[in-house]
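Reading the structure
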Amino acid sequence: MTVIAILRRAALFLILTVFTQVGGVLYLLYQPIRWQISQRVPGKWRSRGYRLLAFTMVYALGSLLLVPPLALLNGRVPLPVFSESSLKPANYFFVIANRHYVKPALLEAVLDVANQMDHSVTLYFLDANFPFLDGFPLLPHRSHDDGGKLDLAFIYEKPVTGKLLSGSPSWLGYGYLETPKAGEYDQPANCEGRGYWQYSLLSRLVPQDNNLDFSASLNRQLLLRLARHPAIGKIFLEPHLKTRLGLEGQKKIRFHGCAAVRHDDHIHIQL
Ligand SMILES: [Zn+2]
């Protein structure tokens, strides 16, 4: 094996581990299959195609059959994916990358809140946690490393029909902003002015077309129900939204600090 081939595999292992945690280990488990295909399948592109298919299968089977029971031993369960639940992934990337694991108490709490909402409302989750290892970072988040953290999309209405948006308005799940209006306190400008360049970074990757209505009443109801749930310890929200939604009295709803990223594109909750 050439040095370049070794470096390429090491880079793949690293990338898969950083983005999916278990992907790197599954990549190692796939190596004997890879070797067999390389030996037996003629033609460079045909061999590559077979290898890609084989790794996809190893990854999918590992994620579906191996990870959930092992994660349960570690005290984490996956959030609902395919069921008719009032809680769903905003984007299947979070699920495919195994970033949808939480402690059972957090799943129970968020399902409680989802079921208390009007039946037309579905809550859409973004990043949660990886299945294993407390302290293993779920990049680019500063926390989300212990099974006790979860991000939720805001609730948006479509202007003409008034119907609720399914999922997130952002392809990324993050970065579609409900910015401060004139007269509201502008925490993002404050943070950026103090040199925290990363504070609004994600919004630059996402079109801000503003063709959706931020549902003040449903988001307020959601935040209130989350704040009143005994299992939820903290909620991060941008200060101008806390004021706009009349949530000043809610001690659990806090500002997260300039070293994080802005929270007027999603709600962060934790145990
Ligand atoms: Zn978060």
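Note: the structure precedes this text.
Attention here is on the structure that accompanies the text. Here the residue index of a chain counts from 1 through its sequence in written order. At least 70 in pLDDT is required for a residue's local features to be given in this predicted model, at least 80 for side-chain atom pairs to be given and counted, and no such filter applies to totals for whole chains, interfaces and linings, which use all residues.

1. Some words on the overall build of the protein chain
Numbering of helices and strands runs from the N terminus, with a helix taken as a DSSP run of H or I at least four residues long and a strand as a DSSP run of E at least two residues long. Along the protein chain, the regular secondary structure elements total eight helices and 10 strands. Referenced to the eigenvectors of the C-alpha coordinate spread, the extents of the protein chain come out at roughly 65 × 40 × 40 Å. Across the 271 residues in the protein chain, those meeting the buried criterion constitute 34%. Two residues form a contact once the distance between their C-beta atoms, set from the backbone, is within 7 Å. A fraction of 71% describes how many contacts in the protein chain between residues 6 or more apart in sequence connect residues 24 or more apart. To assign burial, the other C-beta atoms lying within 10 Å of each residue's own C-beta are counted, with C-beta atoms placed from the backbone; 20 or more indicates buried, 12 or fewer indicates exposed, and intermediate counts indicate partly exposed.

2. Examining unusual backbone geometry
Each neighbour pair has its own omega, and for Leu-139 with Pro-140 the value is 5°, a cis peptide bond. Note that Pro-140 resides in the loop between strand S4 (123–125) and strand S5 (149–152). With a phi angle near 55°, Asn-98 is a residue other than glycine that sits in the positive phi range. Along the chain, Asn-98 falls in the loop between helix H4 (92–96) and strand S3 (101–102). Classification of Asn-98 as buried rests on a count of 25 C-beta atoms within 10 Å. The backbone phi angle of Leu-133 is positive, close to 65°, even though this residue is not glycine. One can find Leu-133 in the loop between S4 and S5. The exposure class of Leu-133 is partly exposed, given the 13 C-beta atoms found within 10 Å.

3. Let's talk about the nonpolar core
To define a nonpolar core, we join buried Ala, Val, Leu, Ile, Met, Phe, Trp, Tyr and Cys residues through C-beta atoms within 7 Å and take the resulting set. Val-102, Val-110, Phe-125, Leu-150, Leu-152, Leu-223 and Ile-235 are the most contacted members of the largest nonpolar core, which has 51 residues in total. Ranked by residue count, the leading element in this core is helix H5 (residues 104–116), at six residues. Counting contributing residues, this core receives three or more from each of domain 1 (3–73) and domain 2 (90–270). With near-sequence residues (within four places) excluded, Leu-223 lies in contact with Ile-235, Leu-237, Leu-245, Leu-247, Ile-253 and Ile-267. The split of the chain into domains comes from an automatic or database domain assignment.

4. Section: the packing of helix H1 (residues 3–20) against helix H2 (residues 23–40)
When two helices pack together, their arrangement is given by the angle between their axes and by how far apart the axes lie. The geometry of H1 relative to H2 is characterised by a closest axis approach of 6 Å and an angle of 140° between their N-to-C directions. As summarised for this structure, H1 and H2 are arranged oblique, according to the angle between their axes. Within the contact between the two elements, H1 uses Leu-12, Phe-13, Leu-16, Thr-17, Phe-19 and Thr-20 and H2 uses Gly-23, Gly-24 and Tyr-27. Three classes are used, and their members are as follows: Ala, Val, Leu, Ile, Met, Phe, Trp, Tyr, Cys and Pro are nonpolar, Asp, Glu, Lys and Arg are charged, and the others, Gly among them, are polar. For the contact of H1 with H2, the per-class residue count stands at five nonpolar, four polar and no charged. Where helices are involved, their axes are fitted lines through C-alpha atoms of the stretch in contact, as for all axes, and angles between N-to-C directions lie from 0 to 180°. Relative orientations are named as follows: roughly parallel for angles under 35 degrees, roughly antiparallel for angles over 145 degrees, roughly perpendicular for angles from 65 to 115 degrees, and oblique for any other angle.

5. Description of the environment of Trp-197
Along the chain, Trp-197 turns up in the loop between helix H6 (187–193) and strand S7 (213–214). Classification of Trp-197 by C-beta neighbours within 10 Å gives exposed; the count is 8. Along the chain, Trp-197 and Ala-5 lie 192 residues apart, while their C-alpha atoms are 37 Å from each other.

Everything listed here is a matter of geometry and, on its own, says nothing about what the molecule does.
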